[in-house]
Amino acid sequence: MKSRNILPFIVLSGCLLGSCYDTKMEWYNPHEGSEVGVSELPLSDEEKLERYDVLKAYIPRPDFVIGLGMGMDFYVDDEAYKAIVDANFNSVTLGNAMKMGFIVKADGSRNFEPVDEFIQMLPQDIALYGHNLIWHTQQAASYLNSLIAPEYVETGNPDEGRDNLLLNGNFDADISSWSKYNGADGCNTWNSEEGNRGKGCLQVVNANDNEGGQWKTQIHADLSETIPAGKTFYISYYIKTTGGTGSVRMSTANGNSTINYQGDQAVNTNWNRIQWEVTSDSDINGVNIDLGLKAATYLIDDIVVSLDSFDESGAVIEKTDEEKKQILTQAMHEWITDMVTHYKDRVHSWDVLNEPIDDGGKLRGVEVMPDESEMDGDDFYWGHYIGKDYAVLAFKYAREADPSAKLYVNDYNLEYNLDKCDKLIEYVNYIDQNGATVDGIGTQMHIDITINKDNIVSMFQKLAETGKLIRITELDVKVNTASPTDENLKAQQEIYEYVIDTYKEIIPEAQQGGITIWTLSDHPDEHVYWIPDDAPNLWNADYERKPAYMGVANGLAGRDVSEDFTGDLIY
């Protein structure tokens, strides 16, 4: 979100009755007329809104959690946004940045850097909630699928008879014709003993991980003839590391310009043949091997650039169900261990399992699978391969990585669908009975102003009876219009307050895991993908407090705080 001419809310400890707003400014509103601003509210409501303290001033006890779910970039890029968050909340949840699909790259390597940098900006007295470890979407699906993909087993030399446009592609005697474009001096050498077919190979050392930097270690060779634009050609090569995992891509060149990029390919300690079919819009007179992303010592051999298509002279071997289960169980173990261990000093509560039950009460991936046409590219159903115990394993691995962390199952629509709530509780009991322990249950509570209040009561009663920690993880209240009336805003205020009052009344204090509001404001930048064309939040698009703010504050305080307000407003 780009900074605009907006009013940052900053707490001044010396302000009358605990807080005040800064001097009013002329507002820039990109959606003028589409919402209700503070100046349009009745004077009594305007006075109340301005005299309320920050939200965390009203928590019922020091350890009570009032959190915000937010996009990391809004906090990092917008000082006004950050000021409101820091002043009002004692916990934050990152909407996407800590999910597997954002941390794990296509080659299996981890990119912790963006979240690490965010943590450096986050005040120490604001907790970071871990959202989430295992889900059925926003997973590193391309990497996970590559682990269980069929293996190609050669029955002969698949490149025999293919004309090669490289002068030296097999490195039997040396690495002539190949030069370093980028990388440390001496990073490319000839290995005389470890070639793919028993002779020599090209050896390249990349000493450091370089996020987004495959090009930082780059080895180049010219072609014996130019491939004209529009002509399809075929590149194949063998590669492995001498230890650990790595990442590679090929790229094509025309002079000093790189033209085409292969996607990043995972590399391990076995010789693997990688193929790339290319049709370029430009003439091609050279190729590059790009190895700068992940630190490793790479061995490369039998590179062919040819106008002849691939010769599939081999057999495709499918992995068995048991092999897939073992591979993915190991991948889950490594992912959860890496994530929880990396953030152990800053994250003390995790959504280990997110949305395991579908709206029909079925266990996703185990009892029901969607059609492939309904799946997104980042969807991956762990339970489909590992079975019902995938959640048991997930909780075991998280517990091993941080025995002191609070571990949650999180799901949605529990207040709308009480049968689903029952099924979730059943699955939590199954996890507990099969060798792991669930500390808490998160109910998301994406609701609107027409919600059946009796269902809210019933849901909280069912959850309280589990004896688990209960956390409202993603609370927002839709008004079902982008241009709410005073009546809509009052109804929204009342629902926010009712949810918090009911939570505090029904969930015993010892089981209160806290409440997290989902997204900060009604600004459209926060709602591109989530509840567009509505106004579900506590601040409007200009970061002005809405009546819903009073509802949350009153709910936290357990009373109508505004009854204490007297006297004229001071600006």
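Residues numbered from 1 in each chain as written. Predicted model: local features only at pLDDT ≥ 70, side-chain atom pairs only at ≥ 80, totals over all residues. Heavy atoms only, no water.

1. Considerations on the pattern of salt bridges
The cut-off we apply is this: In the sections that follow, a salt bridge refers to a side-chain nitrogen of Lys or Arg positioned within 4 Å of a carboxyl oxygen of Asp or Glu. Secondary structure follows DSSP: runs of H or I at least 4 residues long count as helices, runs of E at least 2 residues long count as strands, and numbering of each begins at the N terminus.
Counting across every chain of the model gives 19 salt bridges. Across the salt bridge formed by Lys-180 and Asp-185, the nearest N and O atoms sit 3.9 Å from each other. Between Lys-420 and Asp-359 there is a salt bridge; the shortest N-O distance is 3.3 Å. Placement of the pair is Lys-420 in helix 10 (residues 418–433) and Asp-359 in the loop between strand 17 (347–354) and helix 8 (382–386), with a sequence separation of 61 residues.

2. Digging into helix 13 (residues 547–557)
Selection criterion: To sort residues, take the accessible area from a 1.4 Å probe on protein chains only and compare it with the maximum for the residue type: under 20% means buried, over 50% means exposed, and anything in between is partly exposed.
Taking burial as the measure, the eleven residues of helix 13 include ten buried ones, the bulk of the element. For helix 13, the set of buried residues is Pro-547, Ala-548, Tyr-549, Met-550, Gly-551, Val-552, Ala-553, Asn-554, Gly-555 and Leu-556. Just downstream of helix 13 lies Gly-558, where phi reads positive at about 80 degrees.

3. Focus on the nonpolar core
As a reminder, the rule being used: To qualify as a nonpolar core, a set must consist of buried Ala, Val, Leu, Ile, Met, Phe, Trp, Tyr and Cys residues joined through side-chain atoms within 4.5 Å. Every residue pair with non-hydrogen atoms within 4.5 Å of one another is taken to be in contact.
Grouped together as the largest cluster of nonpolar side chains are 112 residues, with contacts concentrated most on Phe-118, Leu-133, Ile-134, Met-332, Ile-336, Trp-350 and Ile-517. Among the elements that make up this core, the one with the highest residue count is helix 9 (residues 390–401) (nine residues). Sequence-distant contacts of Ile-336, that is, excluding residues within four places in its chain, are made with Leu-133, Ile-134, Thr-341, Ala-394, Tyr-397 and Ala-398. In this structure, Leu-202, Val-248, Ile-289 and Ala-296 belong to the second largest nonpolar core, which totals 31 residues.

4. Quick notes on the pairing of strand 7 (residues 201–206)
As a general feature of sheets, a regular strand has side chains that alternate between the two faces. Stated precisely, the cut-off is as follows: Any two strands are treated as partners once DSSP identifies two or more bridges connecting them.
Taken across its six residues, strand 7 has five buried, putting it largely inside the fold. Looking at chain direction, strand 7 and strand 15 (residues 296–306) are connected through five bridges and run antiparallel. Paired with Asn-206 across the bridge in strand 15 is Ala-296.

5. Notes on the side chain of Arg-273
Let me state the cut-off plainly: Pairs of N or O atoms within 3.5 Å make up the polar contacts considered here, provided that, within protein, one atom can donate a hydrogen while the other can accept it, and that residues adjacent in sequence are counted only when both atoms are side-chain atoms.
Among the structural elements, Arg-273 can be located in strand 13 (residues 272–279). Here the side chain of Arg-273 touches Ser-236 through a polar contact of 3.4 Å, side chain to side chain. Within the structure, Arg-273 has its side chain in polar contact with the side chain of Gln-275 (distance 2.2 Å). Setting aside residues no more than four positions away along its own chain, Arg-273 makes contact with Glu-154, Pro-158, Asp-159, Arg-162, Ser-236, Tyr-237, Tyr-238 and Phe-310.

6. So, the sheet that holds strand 7
The condition is simple: In this analysis an axis means a line fitted to C-alpha atoms, helices contributing only their contacting stretch, and an angle means the value between N-to-C directions, from 0 to 180 degrees.
Strand order in the open sheet formed by five strands is 6-7-15-9-13, and the pairing between neighbours is antiparallel. At either end of the open sheet lies a strand with only one pairing partner, and these are strand 6 (188–191) and strand 13. Across the sheet, the mean angle separating the axes of adjacent strands is 35 degrees when strand polarity is ignored.

7. Some details on the packing of helix 9 against helix 10
Note the threshold: What sets the label is the angle itself: under 35 degrees gives roughly parallel, over 145 gives roughly antiparallel, 65 to 115 gives roughly perpendicular, and the rest give oblique. Take the far helix as the reference: if the near one is turned anticlockwise from it by less than a right angle, the crossing is left-handed, and if turned clockwise, right-handed. Any residue that is not Ala, Val, Leu, Ile, Met, Phe, Trp, Tyr, Cys, Pro, Asp, Glu, Lys or Arg is counted as polar, Gly included; the first ten are nonpolar and the last four charged.
At a minimum axis separation of 9 Å, helix 9 and helix 10 run at an interaxial angle of 60 degrees. As judged from the angle between their axes, helix 9 and helix 10 are oblique. The way helix 9 lies across helix 10 gives a crossing that is right-handed. Only Tyr-427, Tyr-430 and Ile-431 of helix 10 make contact with helix 9, whose side of the interface consists of Tyr-390, Ala-391, Val-392 and Phe-395. Here the contact of helix 9 with helix 10 is built from residues that sort into seven nonpolar, no polar and no charged.

8. Considerations on the state of the cysteines
Rules: By disulfide we mean two sulfur atoms from cysteines, separated by a distance within 2.5 Å.
Going through the model one piece at a time under the given rule, you end up with zero disulfides. No disulfide involves Cys-187; its sulfur sits 14 Å from that of Cys-201, the nearest cysteine. In this structure Cys-187 comes out as buried when scored by relative accessible area, which is 4%.

9. Quick notes on the confidence of the model for the chain
Stated precisely, the cut-off is as follows: Across the chain, each position has a pLDDT score giving the predictor's confidence in that residue, from 0 to 100.
This prediction gives the chain a mean pLDDT of 90; 91% of its residues lie at or above 70. Note on residues 1–34: pLDDT is under 50 here. Beyond four places in sequence and across chains, it has 80 contacts. Here residues 38–43 is a poorly scored stretch, pLDDT under 50, and it has 13 contacts once near neighbours within four places are set aside; other chains count.

10. With respect to the packing of aromatic side chains
The geometry of an aromatic ring pair comes down to the distance between the two centres and the angle between the two planes. Under the convention used in this document: Stacked, edge-to-face and tilted are the three classes for Phe, Tyr and Trp ring pairs, Trp counted by its six-membered ring, which pair at centre distances within 6.5 Å; planes under 30 degrees apart are stacked, over 60 edge-to-face, the rest tilted. When the NZ atom of lysine or the CZ atom of arginine is within 6 Å of a ring's centre and also within 35 degrees of its normal, the charge is said to sit over that ring.
In this structure the tally under the stated criterion is 16 aromatic pairs. With centroids separated by 5.8 Å and ring planes inclined at 50 degrees, the aromatic side chains of Phe-171 and Trp-178 adopt a geometry described as tilted. Trp-178 gets classed as buried once you look at its relative accessible area, which sits at 6%. For the pair Phe-460 and Tyr-503, a centre-to-centre distance of 5.7 Å together with 65 degrees between the ring planes defines the contact as edge-to-face. Placement of the pair is Phe-460 in helix 11 (residues 453–464) and Tyr-503 in helix 12 (residues 486–506), with a sequence separation of 43 residues. In this pair, the class of Phe-460 matches that of Tyr-503, namely buried. Taken together, the aromatic side chains of Tyr-52, Tyr-58, Phe-89, Trp-539, Tyr-549 and Phe-565 make up a single cluster linked through ring pairs. Seen from the ring of Tyr-430, Lys-388 lies directly overhead, with NZ or CZ sitting 4.1 Å from the centre. One residue, Lys-420, lies across the ring of Tyr-412, its end atom 3.4 Å from the ring centre.

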